[in-house]
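Below, each chain spelled out in residue letters.
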Amino acid sequence: VRERRVDVAVIGAGTAGLSARREVERAGKSAVMIEDGPYGTTCARVGCMPSKLLIAAADLAHEVGNAEQFGVRPGKLEIDGRAVLERVRRERDRFVGFVLDSVDDLADDEKIRGRARFVAPTVLVVDGHTRVMADAVVIATGSRPHIPPSIAKAGDRVFTTDHIFEMEDLPGSAAIVGTGIIGLEIGQALKRLGVRTAFFSKSDRLAQATDPVVKTVVREVLSRELALHLDVEVAAEKTDDGCRVRWRAADGAEHEEIFDIVVAAAGRVPNLDDIGLENCNLELGERGIPVFDHRTMQCGRSPIFIAGDVTAERPLLHEASDEGHIAGSNAARFPEVRARMRRVPLSVTFTDPQIAIAGDAHRDLDHDAIEVGEVRYEDQGRARVMGKNAGIVRLYGERETGLLVGAEMFGPRVENTAHLLAWAIQGSLSVGRALDMPFYHPVVEEGIRTALRDLCGKLKVHGMPRPHDLECGPGT
Ligand SMILES: Cc1cc2nc3c(=O)[nH]c(=O)nc-3n(C[C@H](O)[C@H](O)[C@H](O)COP(=O)(O)OP(=O)(O)OC[C@H]3O[C@@H](n4cnc5c(N)ncnc54)[C@H](O)[C@@H]3O)c2cc1C
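Every value quoted in this text rests on a predicted model; they were computed, and no experiment measured them.

Take the overall build of the protein next. When helices and strands are counted, the protein shows 12 helices and 22 strands. The C-alpha atoms of the protein give a radius of gyration of 24 Å, which matches the 23 Å a tight globule of 476 residues would have. Its C-alpha atoms give the protein principal-axis dimensions of roughly 75 × 65 × 45 Å. The 476 residues of the protein split such that 52% are buried. For the protein, restricting intrachain contacts to residue pairs at least 6 apart in sequence, the fraction spanning at least 24 positions comes to 66%.

Put into structure tokens, the structure is as follows:
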């Protein structure tokens, strides 16, 4: 067994691990990064990028299919599933290539291949071939798809995002189990690419939405396009030529349908089992995840830091990157740990319409202390122009201060408007001051202004008087 002594050992070469390693280097300390899977990161290989590539094709197909309402007749729509998936992989491989280059640039002694396991709080054994002794360790092991036992009987017909993008051709039909962000994104994309789909969830969850009013609109609008079976028990088993999916509806009626594949999108499991946490003397919280401070990423007062999806706290790319930076810089300077500011939460689901949360989610609000402003997109000017007039935005403002604190959003281009709101919230903009900002015409941001005005009226605070305010048609 080879012995290695380093300042910081980083387990996992994903986004969080790579950021952590960079911080250790920046601090002038030695680091080793341990990885047992393929290099390239979840985001680039099997996550953000291939899913958005598939969605790009699906949205285009949908636009073409919808063109007629504008008097545009593009002819018969044909989808070449092989070509779609080939482009997904080609572009995906390009993104992965950039990550591989950065890993290649590391010296051989800065990376170790194999599975790391703690044998003591700062001692790791990698696949039995290397023993790493460090002053501090960063756990950045990410997460993996969960396959519910009730669908496991479908065997090799069960696909997760780990291998769905490797399919040579699109399936004829797919049962999507799970209506979280990943299930809705992938499922709607498959549907728009001509795959017969149905969605199953044991709860009424729809992506990350928590506001009951928003959830109702999401359900209502998405149900026009997608077969959503919420609050159902679902089971799947393999048949000769596909899989049989059975579910019991809310009214107790039993149903079954045959699909080519089942997509397991029922959450992700943190990669913590089998890494020897029992040898670390850490306090474990929910789901066996070490208790940590999200401003320092330190687990208790130990020399162990944690970052990225493995925390199951904010499983998003920019958060994994931030957490990696915080964990890495603190691991390098341990025991002098510094607290760092965290950004205002921001999450986007790339369905159509998109779903987003900026700042506090409805679930996290003190409902006695806030007012809610609202806009619906049916008559919003620009949304109507584009034929994308569906959705709702709910803004939350603090009664006492007039500050904007959060928003749940479902509508056209909310990936962009959610950014505006997140920046406004992080900049401590009051609702009145937000209304003083320029709004161009005609844009979907005018919808946000409508919601801000609604909120402003309820908070009884006022922005600058605007005698020249342009009002033109519906939706402003
Ligand atoms: C389908 C999908 C779509 C997504 N879309 C978006 C999106 O649009 N926007 C967004 O912000 N986020 C998105 N995400 C989330 C985003 O991809 C993750 O937040 C991010 O990739 C997490 O990075 P990480 O470093 O924590 O984990 P990872 O990149 O998974 O890295 C963890 C690494 O640790 C390794 N490892 C695990 N255990 C060990 C061990 N014991 N020893 C050695 N190595 C180990 C693993 O092999 C892995 O390489 C998406 C995720 C998925 C799955």
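As a further point, take the packing of helix α3 (residues 48-66) against helix α6 (residues 181-192). Between α3 and α6, the least distance of the axes is 8 Å, while the angle of their chain directions is 40°. Taken as axis vectors, α3 and α6 run oblique relative to one another. Handedness of the α3/α6 crossing: left-handed. Here Ser-51, Lys-52, Leu-54, Ile-55, Ala-58, Asp-59, Ala-61 and His-62 of α3 come into contact with α6, specifically with Glu-185, Ile-186, Ala-189, Leu-190 and Arg-192. Among the residues making up the contact of α3 with α6, the classes are represented as 7 nonpolar, 2 polar and 4 charged.

Moving on: the pairing of strand β18 (residues 346-349). Burial along β18 is two-sided: the face carrying Leu-346 and Val-348 and the face carrying Ser-347 and Thr-349 are both buried. Counted along the chain from β18 to the antiparallel partner strand β19 (residues 354-359), the turn is 4 residues long.

Turning to the site of the ligand, a few remarks are in order. The environment of the ligand is formed by 35 residues, the closest being Glu-35, Thr-42, Lys-52, Asp-309 and Leu-317. Separating an oxygen atom of the ligand from a backbone N or O atom of Pro-315 is a distance of 3.5 Å. Of all the secondary-structure elements, those providing two or more residues to the shell around the ligand are α1 (15-26), β2 (31-35), α2 (42-46), α3 and α8 (317-333). Of the residues assigned to the shell around the ligand, the class counts are 16 nonpolar, 13 polar and 6 charged.

Before going further, it helps to examine the sheet that holds β18. Read across the sheet, 5 strands follow the order β18-β19-β22-β21-β20 without closing on themselves; strand pairing throughout is antiparallel. Looking at the sheet topology across the chains shown, the edges are occupied by β18 and β20 (370-376). Each adjacent strand pair in this sheet contributes to an overall mean axis angle of 10°, direction not counted. For strand β21 (residues 392-398) and strand β22 (residues 404-411), the ladder comprises 6 bridges, and the chain directions are antiparallel. Opposite Ile-392, over in β22, you have Phe-410 as the bridge partner.

This part takes up the packing of α3 against helix α4 (residues 81-104). Helix packing geometry: the angle between the two helix axes and the distance between the axes. In the contact formed by α3 and α4, the axes pass within 9 Å of each other and the chain directions differ by 145°. The two elements α3 and α4 cross, and the hand of that crossing is right-handed. Between α3, through Met-49, Pro-50, Leu-53, Leu-54 and Ala-57, and α4, the contact on the second element is made entirely by Val-84, Leu-85, Arg-87, Val-88, Glu-91, Arg-92 and Phe-95. Residues of the contact of α3 with α4, tallied by class, amount to 9 nonpolar, no polar and 3 charged.

Further remarks concern the side chain of His-362. Mapped onto the secondary structure, His-362 falls in the loop between β19 and β20. In this structure, His-362 is in contact with Thr-210, Asp-211, Pro-212, His-367, Tyr-396 and Glu-408, ignoring residues within four places of it in sequence.

Right, let's get into the pattern of salt bridges. Scanning all chains against the criterion turns up 41 salt bridges. Between Arg-342 and Glu-323 there is a salt bridge, with the nearest N and O atoms lying 2.9 Å from each other. Here Arg-342 is found in the loop between α8 and β18, whereas its partner Glu-323 is found in helix α8, with 19 residues between them in sequence. Classification of Arg-342 by relative accessible area gives buried; the value is 12%. Within this structure, Asp-59, Glu-63, Arg-192, Glu-225, Asp-352 and Lys-388 form a network of salt bridges that share partners.

Turning to α1, a few remarks are in order. With 12 residues, α1 extends 17 Å between its outermost C-alpha atoms, agreeing within 8% with the 16 Å of an ideal straight helix rising 1.5 Å per residue. The buried fraction of α1 is high, at 9 of 12 residues. Buried within α1 are the following residues: Thr-15, Ala-16, Gly-17, Leu-18, Ser-19, Ala-20, Arg-21, Glu-23 and Val-24. Residues of α1 that are buried sit in contact with β1 (2-11), β2, α2, α4, β6 (130-139) and α8. The first or second residue beyond α1 is Gly-28, which carries a positive phi of 80°.

Core analysis: the biggest nonpolar cluster contains 51 residues, and Ala-9, Phe-118, Leu-124, Val-132, Val-138 and Ile-139 have the highest contact counts within it. Sorting elements by how many residues they give to this core places β6 first, with 6 residues. Leu-85, Val-221, Ile-261 and Ile-355 belong to the second largest nonpolar core, which has 39 residues in total.

Below, the discussion takes up the environment of Ile-34. Positionally, Ile-34 belongs in strand β2. Between the C-alpha atom of Ile-34 and that of Gly-114, which follows or precedes it by 80 residues, the distance is 6.6 Å. Apart from residues no more than four positions distant in its own chain, Ile-34 is found in contact with Val-10, Ile-11, Gly-12, Ala-13, Ile-112, Gly-114, Ala-116, Leu-124, Val-126 and Val-132.

Attention shifts here to the confidence of the model for the protein. With 97% of its residues at a pLDDT of 70 or more, the protein shows a mean pLDDT of 96. For residues 464-471, every residue scores under 50 in pLDDT, and the model assigns this stretch 9 contacts once sequence neighbours within four places are set aside.

Here the amide bond leading from Asp-352 into Pro-353 is cis, since omega sits at -5°, within 30 degrees of zero. Relative to the helices and strands, Pro-353 resides in the loop between β18 and β19. For the bond running from His-441 to Pro-442, omega is -5°, close enough to zero to count as cis. Following the sequence through the fold, Pro-442 ends up in the loop between α11 (431-435) and α12 (445-459). The phi torsion at Ser-428 lies on the positive side, around 55°, for a residue other than glycine. With respect to the helices, strands and loops of the structure, Ser-428 is situated in the loop between α10 (414-426) and α11.

What counts, and where the lines are drawn
Residues numbered from 1 in each chain as written. Predicted model: local features only at pLDDT ≥ 70, side-chain atom pairs only at ≥ 80, totals over all residues. Heavy atoms only, no water. Helix = DSSP H or I, 4+ residues; strand = E, 2+ residues; numbered from the N terminus. Rg over C-alpha atoms; globule rule 2.2 N^0.38 Å. Buried < 20%, exposed > 50% of the residue type's maximum accessible area, 1.4 Å probe, protein only. Contact = heavy atoms within 4.5 Å. Axes fitted to C-alpha atoms, helices over the stretch in contact; angles between N-to-C directions. Parallel < 35°, antiparallel > 145°, perpendicular 65-115°, else oblique. Left-handed = near helix turned anticlockwise from the far one by under 90°. Nonpolar A, V, L, I, M, F, W, Y, C, P; charged D, E, K, R; others polar. Pairing = 2+ DSSP bridges. Near = heavy atom within 4 Å. Polar contact = N/O pair within 3.5 Å; in protein donor to acceptor, adjacent residues only side chain to side chain. Salt bridge = Lys/Arg side-chain N within 4 Å of Asp/Glu carboxyl O. Expected span 1.5 Å × (residues − 1). Core = buried A, V, L, I, M, F, W, Y, C linked by side-chain atoms within 4.5 Å. pLDDT = per-residue confidence, 0-100.

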